[in-house]
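# Results of the structural survey
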Amino acid sequence: MIKSTNPSRRAVVAGLTAGGALMAARPTLSQTPSLPPLTLWGKLPAVEDVALSPDGKRVAMIMDKGGERAIVDYELATGKASAAIIEGDKLRDLMWADNEHVAVVSSNIMKDVGTQWEQWFGLMMNVPAGKRRIMYDGIGGVNSTVISGNINRILTKDGYRITASSWKVPEGVNMVNSDSGGNSYNENYVECLYYFNPATGRGFKLDEEARNIDDWVVKADGRIAARSEYNDDQGRNFIVRMKTEKGWNEVYRVKADMDRPSLMGLGRDGESVLVGIQGGQKADTYFELDAMGKVTPLEAQGVGHYPIFHPATRALAGFGNAGPIDTYTFYDPVMQRLPKLINGALPDSINDLVSIGENPRQVVVRSENVEDAGTYFYFNFTTGEFKEIGSSYPGLTAEWIAPRSHITYKAADGLDIGAWLTLPPGGKPAKNLALVVLPHGGPESFDDARFDWMSQAIASRGYAVLQPNFRGSSGHGKAFTEAGYGEFGRKMQTDLSDGVAHLVKQGIVNPKRVAIAGASYGGYAALAGVSLQKGIYNCAVSIAGLSDLKSFNAYLSEWSNFDGNSYTMRYWKRFTGEAGLDEVSPIRHVDAVSVPVMLIHGKDDIVVPYKQTELINDALTKAGKPVELVVLNGEDHWLSREPSRVQTLESMVGFLLRHNPPA
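Figured I'd write up the structure that's included with this text. Model, not experiment: these values are computed from the prediction.

Between helix H7 (residues 549-559) and helix H8 (residues 567-576), whose axes approach to 10 Å, the crossing angle comes to 160 degrees. Compared by their axis directions, H7 and H8 come out roughly antiparallel. Here H7 and H8 pass one another in a crossing that is right-handed. Residues Leu549, Phe552, Asn553, Leu556 and Ser557 of H7 touch H8, and the partners they reach there are Thr568, Met569, Trp572 and Thr576.

Listed below in structure tokens is the structure:
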């Protein structure tokens with residue numbers, strides 16, 4: 001029997017009051033204006049990244065507080081909340097370091113001599129006490145407090161500790177005259193793994209190695225189990241070594257020109273380790289390795305898996321399946337019951353298991369359905385208690401959540417393409433609608449059934465929105481991803497327009513009212529739709545999109561130390577092909593553009609450099625084509641800052657309304 005300490009799903013958290021109490025209920029329908037402002041969708045989620053403490057008594061989360069992103073510590077029993085703001089940095093992730101301290105990962109963009117890079121930092125915060133410690137602060141030989149990953153909680157004989165990896169000067173080496181220029185890494189450094197006391201910040205070395213370390217696996221008690229290595233310059237071998245009493249023992253080696261495996265954690269018995277390949281021709285392959293090098297393949301239902309580890313033992317407990325709706329395969333007998341318990345408590349919803357206490361019957365779930373854009377709940381399935389924690393979009397009432405459904409259609413060559421179709425809210429008949437095609441980024445990614453702020457905002461203005469999972473997308477099996485190799489700007493592009501033709505044939509879409517918009521690869525597809533293709537789209541919006549594949553390859557090569565055959569370059573060439581880049585580069589076809597184009601790009605983007613938008617803007621302007629440029633100062637590739645998201649949404653939707661009006 002589940003008994004609620006907060007029974008109304010509508011009475012959810014929207015933010016923090018000045019006094020720090022969790023307040024602000026979701027508005028009723030009568031409070032909602034006839035047409036809500038786009039900021040309702042463009043604002044960052046009011047609550048995200050909710051994490052449950054090991055003892056299950058508190059949650060930490062990222063929330064909005066007066067327009068700033070805040071770390072919030074919330075006591076479940078009392079409702080007492082405290083908040084802390086990290087000014088300037090972008091909050092990327094959080095977890096509990098122990099039952100009092102939250103480990104927070106933040107990042108910022110560094111600039112030096114025309115080069116930009118993103119640096120990541122680890123903090124350990126006692127939010128109610130207002131105290132924080134920085135990982136690697138004061139560690140000898142560390143050039144800066146930058147971290148590289150391997151964030152895990154362990155329980156040593158002295159209490160909980162948090163691990164993190166970084167780079168440091170080898171012991172006994174004088175780097176006073178190093179020419180690193182303050183950057184976090186140079187070729188003289190070695191990789192290191194430390195654990196830190198959350199209360200004092202004091203760090204202790206677990207390992208240090210001059211080889212190219214990919215990952216470490218640490219047991220729950222703090223002992224190192226294994227580490228993996230990969231050197232793209234020498235041999236391209238992926239190697240796993242396990243720690244023994246006599247030292248490091250190599251148990252696995254494979255040539256990995258592509259589809260590099262990853263060392264992911266402990267195996268089911270807590271002694272073996274888990275290796276996975278999550279992309280490319282061997283995607284969704286997992287196996288365990290024991291100390292003798294024995295390989296035990298693992299299978300789970302569905303595609304697009306990710307491992308789930310027991311919160312106390314750190315052993316593999318099962319897999320989630322990141323498909324259209326998450327499903328789970330659990331080995332742990334207690335956790336096997338969780339999906340049924342959660343879905344029974346929250347029926348007819350998409351329920352994602354986001355955090356688990358050391359007692360795995362204590363969980364945090366994010367749930368959404370046709371009336372709810374996403375609410376976080378705490379459950380204790382031992383006592384039967386549950387509590388609403390907060391809503392991602394507390395101002396968004398049910399009447400403004402647009403209906404979303406999955407469709408399939410045939411590409412021109414007969415390949416089945418799945419897509420998500422979002423229709424205008426309010427029950428408007430799905431007939432002769434204006435359409436916005438919104439392809440995802442990646443391109444090896446996918447759209448799913450979950451609430452999508454951008455497509456929902458566009459639909460709110462009367463549009464149908466089509467999000468095809470075109471060939472090359474992930475989440476649909478290895479063969480489907482492979483079908484995209486060499487099809488960048490080719491069949492990957494026509495998969496989108498084939499979806500338009502399908503909706504026109506069904507009578508859902510007016511062929512004279514079609515536009516295309518997207519971010520990253522989707523931004524490239526938007527440009528390609530009006531340069532490589534003609535007569536389909538009335539306008540295009542490119543957000544951080546590629547325009548010149550040759551110059552982009554040069555950018556990637558520079559980031560790879562001018563290695564034109566680096567792992568990154570080889571991966572990219574799978575999709576673009578080796579030759580014919582000009583044929584599929586929109587910048588080479590500006591003369592064919594006959595409709596308005598909007599370009600939106602963050603100046604701090606290090607994934608797709610701002611130069612890509614600058615080049616196509618100059619080319620279109622020189623050719624006398626109608627083009628609008630929106631510059632997002634201080635913004636990265638991911639639209640991480642709320643003002644940029646709002647600016648992007650308002651600019652894009654205004655442009656669509658002018659050049660592809662819904663009626």
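Looking now at the nonpolar core. Residues Leu421, Leu435, Val437, Phe488, Leu503, Tyr537 and Leu546 are the most contacted members of the largest nonpolar core, which totals 53 residues. For this core, the element with the most residues is helix H6 (residues 521-531), which contributes 7 residues. Residues contacting Leu421, with those up to four places away along its chain left out, are Pro403, Arg404, Ser405, Ile407, Ala464, Val465, Leu466, Leu503 and Ile508. Counting 34 residues, the second-largest nonpolar core is a separate cluster that includes Ala459, Ala517, Leu632 and Val653.

What follows deals with the environment of Val607. Summarising the element assignment, Val607 is placed in the loop between strand E35 (597-602) and helix H9 (611-622). Along the backbone, Val607 and Ser520 are 87 residues apart, and their C-alpha atoms lie at a distance of 8.7 Å.

Mapped onto the elements of the fold, Glu229 is located in strand E15 (residues 224-230). Overall, the relative accessible area of 5% leaves Glu229 in the buried class. With near-sequence residues (within four places) excluded, Glu229 lies in contact with Arg211, Asn212, Ile213, Asp214, Asn237, Phe238, Ile239 and Arg241. Looking at Glu229, its side chain comes within polar contact range of the side chain of Arg241, at 2.4 Å.

Moving on, we get to the pairing of strand E14 (residues 213-218). Where E14 and E15 come together, 5 bridges link them in antiparallel fashion. Bridge assignment links Val218 to a residue of E15, and that residue is Ile224. Between E14 and E15, which follow one another and run antiparallel, lie 5 residues, and Gly222 among them has a positive phi close to 100 degrees.

By the secondary structure assignment, Ser585 is in the loop between H8 and E35. Those residues in contact with Ser585 that sit more than four places away from it in its chain are Ser547, Asp548 and Leu549.

Overall, antiparallel pairing links the 4 strands, which are arranged E6-E7-E8-E9 in an open sheet. With partners counted over all chains shown, the strands left at the sheet margins are strand E6 (90-96) and strand E9 (131-134), one partner each. Across the sheet, the axes of successive neighbouring strands diverge by a mean angle of 30 degrees, strand direction being ignored. Where strand E7 (residues 102-112) and strand E8 (residues 115-126) come together, 11 bridges link them in antiparallel fashion. Within the sheet, the bridge partner assigned to Val104 lies in E8 and is Leu123.

This paragraph deals with the pattern of salt bridges. For the structure on display, the rule yields 36 salt bridges. Of the charged contacts, one joins Glu628 and Arg658 as a salt bridge, the two residues approaching to 3.1 Å between their closest N and O atoms. Of the two residues, Glu628 sits in strand E36 (residues 627-632) while Arg658 sits in helix H10 (residues 642-659), which places them 30 residues apart along the sequence. Within this structure, Lys90, Arg92, Glu118 and Asp636 form a network of salt bridges that share partners.

Before going further, it helps to examine the sheet that holds strand E24 (residues 327-330). Taken in spatial order, the 3 strands of this open sheet run E22-E23-E24, and their pairing is antiparallel. Looking at the sheet topology across the chains shown, the edges are occupied by strand E22 (305-309) and E24. On average, each strand axis in the sheet is tilted by 25 degrees relative to the strand beside it, whichever way the strands run. Bridge analysis of E22 against strand E23 (residues 316-321) gives 5 bridges, and the strand direction is antiparallel. Within the sheet, the bridge partner assigned to Pro307 lies in E23 and is Phe319.

Calculation rules
Residues numbered from 1 in each chain as written. Predicted model: local features only at pLDDT ≥ 70, side-chain atom pairs only at ≥ 80, totals over all residues. Heavy atoms only, no water. Axes fitted to C-alpha atoms, helices over the stretch in contact; angles between N-to-C directions. Helix = DSSP H or I, 4+ residues; strand = E, 2+ residues; numbered from the N terminus. Parallel < 35°, antiparallel > 145°, perpendicular 65-115°, else oblique. Left-handed = near helix turned anticlockwise from the far one by under 90°. Contact = heavy atoms within 4.5 Å. Core = buried A, V, L, I, M, F, W, Y, C linked by side-chain atoms within 4.5 Å. Buried < 20%, exposed > 50% of the residue type's maximum accessible area, 1.4 Å probe, protein only. Polar contact = N/O pair within 3.5 Å; in protein donor to acceptor, adjacent residues only side chain to side chain. Pairing = 2+ DSSP bridges. Salt bridge = Lys/Arg side-chain N within 4 Å of Asp/Glu carboxyl O.

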